[in-house]
Amino acid sequence: KRNVGIMTSGGDAPGMNAAVRAVVRAAIFRGCKAFAIKEGYTGLVEGGEDYIKEMKWQDVRGLLSEGGTNIGTARCMEFKERWGRLLGCKHLIEAGIDALIVCGGDGSLTGADLFRAEWPSLIQELLETNQITQEQYDRHKHLYICGMVGSIDNDMATTDSTIGGYSSLERICKAIDYIDATASSHSRAFVVEVMGRHCGWLALMAGIATSADYIFIPEKPSSSKVWQDQMCNIVGQHRAKGKRKTIVIVAEGAITSDLQPISCKDVKDVLVNRLGLDTRITTLGHVQRGGTAVAFDRILATLQGVEAVKAVLELTPDTPSPLIAIDENKICRKPLVEAVEKTKNVAAAISERDFEKAMSLRDSE
Ligand code: ATP
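Per chain, residues are indexed from 1 in the order of the written sequence. For this predicted model, a pLDDT threshold of at least 70 governs which residues receive local features, and a threshold of 80 or more governs which side-chain atom pairs are given and counted, while totals over whole chains, interfaces and linings are taken from all residues.

Under an unreviewed UniProt entry, the chain has the name ATP-dependent 6-phosphofructokinase and belongs to Spathaspora passalidarum.

Draft legend 1. Quick peek at the overall build of the chain. Starting at the N terminus, helices and strands are each numbered in turn, a helix being any DSSP run of H or I of at least four residues and a strand any DSSP run of E of at least two. Along the chain, the regular secondary structure elements total 12 helices and 11 strands. For the chain, buried positions account for 50% of its 365 residues. Here exposure depends only on C-beta density: within 10 Å of a residue's C-beta, 20 or more other C-beta atoms make it buried, 12 or fewer make it exposed, and intermediate numbers make it partly exposed, the C-beta atoms being placed from the backbone.

Draft legend 2. Just unusual backbone geometry, in detail. Positive phi values are uncommon outside glycine, yet E39 reaches one of about 60 degrees. With respect to the helices and strands, the residue E39 is situated in the loop between β2 (33-37) and α2 (41-46). On the basis of neighbour counts, which here come to 21 C-beta atoms within 10 Å, the residue E39 falls in the buried class. The backbone phi angle of E328 is positive, close to 50 degrees, even though this residue is not glycine. Of note, E328 is situated in the loop between β10 (322-327) and β11 (330-335). Among the residues examined, E328 registers 6 C-beta atoms within 10 Å and is labelled exposed.

Draft legend 3. Structural detail: the site of the ligand. Any residue whose C-beta atom, as set from the backbone, lies within 6 Å of a molecule or strand is reported as near that molecule or strand. Close to the ligand lie 18 residues, the nearest being G10, G11, G105, G107 and G111. Residues are sorted three ways: Asp, Glu, Lys and Arg are charged, Ala, Val, Leu, Ile, Met, Phe, Trp, Tyr, Cys and Pro are nonpolar, and all the rest, Gly among them, are polar. When its residues are assigned to classes, the shell around the ligand shows four nonpolar, 11 polar and three charged.

Draft legend 4. Region of the structure containing the nonpolar core. Only buried Ala, Val, Leu, Ile, Met, Phe, Trp, Tyr and Cys residues enter a nonpolar core, and they are joined through C-beta atoms within 7 Å. If you look at the biggest cluster of nonpolar residues, it comprises 112 residues, and the most contacted ones within it are V23 and I101. Ranked by residue count, the leading element in this core is helix α1 (residues 16-29), at nine residues. With residues near it in sequence (within four places) discarded, I101 still touches V4, G5, I6, V23, C146, M148, A308 and V312. Each residue is represented by a C-beta atom placed from its backbone, and any two residues with such atoms within 7 Å are regarded as in contact.

Draft legend 5. Main features of the UniProt feature "active site" (unreviewed entry) in the chain. UniProt positions are given in the numbering used here, feature names are shortened, and annotations may be inferred rather than shown by experiment. UniProt records the feature "active site" (unreviewed entry) for D153 in the present numbering. With respect to the helices and strands, the residue D153 is situated in the loop between β5 (144-149) and α6 (165-186). When sequence neighbours within four positions are dropped, the list of residues in contact with D153 reads G165, M195, G196, C199, W201 and L202.

Draft legend 6. Inspection of the pairing of β2 at higher detail. Burial of β2 is extensive: four of the five residues sit out of reach of the surface. Strands are treated as partners if at least two bridges between them are detected by DSSP. Sheet analysis places strand β1 (residues 3-8) next to β2, joined by five bridges and oriented parallel. Within β2, the residue paired with M7 across the bridge is I37. Pairing analysis gives four bridges linking β2 to strand β3 (residues 52-55), with the strands arranged antiparallel.

Draft legend 7. Structural detail: the sheet that holds strand β9 (residues 279-283). The four strands are arranged β7-β8-β6-β9 in an open sheet whose pairing can be described as parallel. Where the open sheet ends on each side, the last strands, each with one partner, are β7 (214-216) and β9. Neighbouring strand axes in the sheet, compared pairwise and without regard to direction, differ in orientation by 20 degrees on average. Orientation is described by lines fitted to C-alpha atoms, with helices fitted over the stretch in contact, and by angles between N-to-C directions that extend from 0 to 180 degrees. Helix-sheet contacts for α6 involve β6 (189-194), β8 (246-251) and β9, and the interaxial angle to β6 is about 165 degrees. Packing against the sheet, helix α7 (residues 201-210) makes contact with β6, β7 and β8, and its axis sits at approximately 165 degrees to β8.

Right, dumping it as structure tokens:
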């Protein structure tokens with residue numbers, strides 16, 4: 001029997017609560033103790049009962065339908081330093097935890113992987129400096145880690161969906177539906193900014209689901225002349241056919257082929273100056289993170305939470321840490337390191353404007 005800790009880390013995503021509930025209950029169901037580590041890696045660095053709390057079955061009652069993450073999440077700079085991870089190691093051992101499930105984005109999972117790789121040297125140092133006993137050392141020689149992907153951007157390689165992606169998409173579509181009504185009434189154009197610095201999944205899917213007139217995503221840059229002509233052409237045609245509203249979706253990370261960011265203001269100016277449209281900008285911002293998780297994310301988080309507990313109980317010291325994924329509708333395990341590396345390579349290729357490489361990396365998933 002292992003004592004299983006669960007934490008949520010990085011940006012919050014709808015469905016993280018469902019993941020915590022599933023892990024806690026699956027662990028208890030399998031005869032293990034379950035612990036919540038609060039405020040992401042800050043909880044590990046701080047330690048103690050305020051931050052690491054044993055969870056009973058009823059502690060997660062009602063959590064499935066709640067948005068956000070009730071155990072808190074944070075960005076923790078201290079955990080990026082070895083001394084922070086040393087404290088994390090000590091506090092996990094003090095709490096008796098030997099398996100850790102981290103639900104977060106690629107940054108959080110990178111931290112988790114590093115923590116596991118460093119564990120032998122951290123625990124050795126704690127023993128040598130008499131911060132833990134020989135008995136604690138023998139029991140905690142290995143840390144078992146498993147990753148779950150909580151991220152609204154749906155930007156993790158090797159999994160089809162991340163926990164929170166479809167909830168965020170649903171929120172964007174709802175917001176655009178609301179905007180549609182006022183746009184049609186006044187015959188206006190709206191430029192809607194959505195999240196996605198390196199990944200245009202939200203903008204692309206929202207574009208399809210709301211039948212937007214035009215979208216901008218980081219993966220498809222074009223020269224200013226091309227996008228301006230193309231957008232005006234399409235919007236002009238739609239207007240000529242009697243359409244009274246115009247919706248253009250811009251992902252945060254949209255750029256031109258000569259590396260310039262495309263802002264909502266740039267798009268608005270073109271719609272105003274070339275087509276004479278009364279145009280407004282709506283930045284959806286944190287609304288995209290809020291609210292309850294859609295059914296898909298609740299189910300995904302629940303099935304993946306159960307699988308994550310199964311995985312940490314089956315891990316041996318030699319097995320690589322798994323990431324719980326969904327691949328062609330099946331919940332499965334993928335090597336965590338590879339998934340994180342691939343995700344970072346795609347993001348790096350997009351930052352370096354090497355779109356062919358980014359696309360071929362995505363296609364090879
Ligand atoms: P999101 O997709 O919402 O940005 P994320 O998990 O990628 O989520 P980050 O801010 O990158 O968010 O990472 C969350 C936390 O994970 C960091 O604040 C830090 O505590 C830890 N972390 C990230 N990268 C590393 C690293 N290289 N080494 C150790 N810890 C890390």
